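# What the coordinates show
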Amino acid sequence: MPTMDVDGKKVVWDGKKMILQACLDAGMEIPHYCYHQGLSIVASCRICLVEIESPDPKDPAKLVKVPKLVPSCQTPAVDGMKVHSISPKSVANQKAVMEFLLLNHPLDCPVCDQAGECHLQDYSYQYGRSESRFDEDKAKKPKKDIGKHVVLYSDRCIMCTRCVRFTREISGTGELAVFGRGHREEIDVFQGRSLDNPLSGNVIDICPVGALLDKDFLFTQRVWFLKKTPSISPFSSGGENISIEHNQGRVYRIKPRFNADVNKWWISDDIRYGWDFIHNNRLQTPAAKGVPQELSAAQSIGQLDQAVKKNAATPGATILVLNAFDTTEEMFLAAQWIRRIDPQAWLTLAEPKIDGEDQVFKNPTTGAVTYTLRAEKAPNRRGAEKVLAKLAGNVCKLADVQGKIKAGQIKTAMVLTDPFGHADASLQTAVAGVDTLLVLSTRPDGLVSQASLALPVCTWAEKSGVFENYSGLIQAFKQAIAPLENTRSTGSIFWDLMDLAGTYDPAAVRRMMSELGMTEYAAVALPEHHEKIELMQFTDL
Ligand code: SF4
Ligand code: FES
């Protein structure tokens, strides 16, 4: 493996890499603004300049000092090279760049949303001067509303052009550009356009300063109060890796987590802004025909148990409708329980919503696919299908349920619903006229108003488990916040109904699944690198 010496430390890398990337991968920081691993290299900010000594091509044992500083983001790492990022010459450059960047930068960190995760702020502590020598008036630039989700504070911009390159190379929409020259340079949208592509929120993440800010998050929280929980998007079958950022039981924003095999650094605006169902329009008490019931957790479980057992003497009189928004563990427990009561109970799956076709984003220059917005709007259809295949026996399509109810075959239906109400209308049609309707729901939908008993359950942010994405990738996610008062996870309800000891444990359910031959669930865990974002957020984004 090639090796180089960076400030006296050994850095090893694989394949072709630039000096900066090899250092970042090895856990060494060289200051950088314009460089982003997911974008083309422009080497414009100049803060990453370093001194290098490179092996002489004619005599590789001899090192030749390159007379000028070179951009580490754009200079390939070479085996045997020596890099000096903290030499007096490199440090003098870092200080000079910081001084230039701060000439016109407002001193508004106390009111800036980016404070606490701003690399201008961080680098000014590490590489900047303690006081400014600039005593002229700072150039004043306007605040601009440039899109549905994004606001631009022009005077905070350091012209790294990451946002411009994102719209050109990743979303392929090209709404942003640099206008003007010199100290009048500004980022803006082209006349008559706005930043409104389905990936627009990503420019907020990659802006290294507080120039591009999220309207949805603006002035709601100081970032140092936020806790980050690794999670998986519940909005589509893509399995995008996300971080739920929350404080005191409330979610404030969702950010992407880097996963090279799934979503890289990006998420769609649907994911970033679609989470308000966690805190709004929730079912918060058990209900019978829409009327709230005062039931303890034990009473709710008891009533659910009795209601299912009422018609269980007739084999095949019960149906369980799974939903691809629940975790695989939850669906497995639910199906196991219903089949324990009635081995001939029917199982089916509420059809996930398909919203047109997959939307594929490509780099217009290279043609490479940069992001795919999945049309299938449910996170775990593959998991649900695996449970149905494993439990087998009486499995039918949702479309066939109404016929079985009309024929008097099915008398009890237990329905797991989705948190968006996607399937509410089709489920109401499917189970119309059933003798006993039992519903587990996060929201007070039409189905809830018809149910003999409806119990409130958690959203994905309030529980943990696994989802399996469109390609069969099984990914675990953690509980971010405590369940809303009076709600509990679907898994914990079936855990109690199964009379299992202790509290609901998704890992224990995965072991049960594995013992029954679903061995792919045995080793599921949160991968190590998913935690890395806590330490290296800027690099990972
Ligand atoms: S707005 Fe942010 S990302 Fe865009 S050029 Fe300015 S500093 Fe860079
Ligand atoms: S990060 Fe290298 S020049 Fe900007």
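What this report covers is the structure whose coordinates are included nearby. (Residues numbered from 1 in each chain as written. Chains lettered and ligands numbered in written order. Predicted model: local features only at pLDDT ≥ 70, side-chain atom pairs only at ≥ 80, totals over all residues. Heavy atoms only, no water.)

The next point concerns the packing of helix 7 (residues 297-310) against helix 13 (residues 490-497). The interhelical angle for the contact between helix 7 and helix 13, taken along N-to-C directions, is 70 degrees, at an axis separation of 10 Å. Relative to helix 13, helix 7 is oriented roughly perpendicular. The two elements helix 7 and helix 13 meet at a crossing, and its hand is right-handed. Packed against helix 7, whose contacting residues are Ile301, Leu304 and Asp305, the element helix 13 presents Ile493, Asp496 and Leu497 at the interface. (Axes fitted to C-alpha atoms, helices over the stretch in contact; angles between N-to-C directions. Helix = DSSP H or I, 4+ residues; strand = E, 2+ residues; numbered from the N terminus. Parallel < 35°, antiparallel > 145°, perpendicular 65-115°, else oblique. Left-handed = near helix turned anticlockwise from the far one by under 90°. Contact = heavy atoms within 4.5 Å.)

Neighbouring ligand 1 are the residues Cys157, Ile158, Met159, Cys160, Thr161, Arg162, Cys163, Ile187, Cys207, Val209, Ala211 and Leu212. Residues of the shell around ligand 1, tallied by class, amount to ten nonpolar, one polar and one charged. (Near = heavy atom within 4 Å. Nonpolar A, V, L, I, M, F, W, Y, C, P; charged D, E, K, R; others polar.)

A word on the nonpolar core. Across soluble globular proteins, nonpolar side chains show a tendency to be buried alongside one another. Judged by nonpolar contacts, the single largest core of 56 residues is most densely connected at Tyr33 and Trp460. In this structure, this core is formed jointly by two domains, domain 1 (3-96) and domain 2 (287-507), each of which donates at least three residues. Non-local contacts of Trp460, meaning those with residues more than four positions away in its chain, are made with Ser231, Ile232, Pro234, Phe235, Ile242, Ile244, Ile254, Phe277, Ile278, Phe467 and Phe477. With 46 residues, the next largest nonpolar core counts Leu349, Met414, Met498 and Tyr504 among its residues. (Core = buried A, V, L, I, M, F, W, Y, C linked by side-chain atoms within 4.5 Å. Buried < 20%, exposed > 50% of the residue type's maximum accessible area, 1.4 Å probe, protein only. Domains from an automatic or database assignment.)

The full count for this structure, using the stated rule, is 27 salt bridges. Two residues, Lys386 and Glu520, come together in a salt bridge whose shortest N-O distance is 3.0 Å. Linking Lys386 in helix 9 (residues 381-391) with Glu520 in the loop between helix 14 (506-515) and helix 15 (537-540), this pair joins segments that are 134 residues apart in sequence. Of the charged contacts, one joins Arg443 and Asp445 as a salt bridge, the two residues approaching to 2.8 Å between their closest N and O atoms. Residue class for Asp445 comes out buried when judged on its relative accessible area of 10%. Residues participating in the shared-partner salt-bridge network are Glu351, Glu376, Arg381, Arg382 and Glu385. (Salt bridge = Lys/Arg side-chain N within 4 Å of Asp/Glu carboxyl O.)

Right, let's get into the packing of aromatic side chains. Taken as a whole and judged by the stated rule, the model has 15 aromatic pairs. Taking 5.0 Å as the distance between ring centres and 70 degrees as the angle between the ring planes, the aromatic pair formed by Phe166 and Trp266 counts as edge-to-face. Of this pair, Phe166 sits in helix 4 (residues 162-169) while Trp266 sits in the loop between strand 14 (250-256) and helix 6 (269-273); the two residues are 100 residues apart in sequence, bridging distant segments of the chain. Looking at Phe166, the relative accessible area reads 0%, which means it is buried. On the basis of relative accessibility, which here comes to 2%, the residue Trp266 falls in the buried class. Linked through ring pairs, Phe235, Phe277, Phe325, Phe420 and Trp460 together constitute an aromatic cluster. Sitting over the ring of Tyr153, Arg156 keeps its end group 4.0 Å from the ring centre. The ring of Trp346 has Lys404 lying over it, and the distance from NZ or CZ to the ring centre is 3.9 Å. (Phe/Tyr/Trp six-rings, centres within 6.5 Å; stacked < 30°, edge-to-face > 60°. Lys NZ or Arg CZ within 6 Å of the ring centre and 35° of its normal.)

Attention shifts here to the pairing of strand 9 (residues 176-179). Judged from the four bridges that link them, strand 9 and strand 10 (residues 186-189) form a sheet pairing that is antiparallel. Counterpart to Val178 in the pairing with strand 10 is Ile187. As consecutive antiparallel partners, strand 9 and strand 10 are separated by six residues, and within that stretch Gly180 has a phi angle of approximately 80 degrees, a positive value. (Pairing = 2+ DSSP bridges.)

Okay, the environment of Thr75 next. Looking at the element boundaries, Thr75 is found in the loop between strand 5 (70-71) and strand 6 (82-84). A residue is classified by how much of its surface remains accessible, and Thr75, at 14% relative accessible area, is buried. Along the backbone, Thr75 and Arg340 are 265 residues apart, and their C-alpha atoms lie at a distance of 64 Å. Ignoring anything within four residues of it in the chain, the contact list for Thr75 reads Met18, Ile19, Ile52 and Val70.

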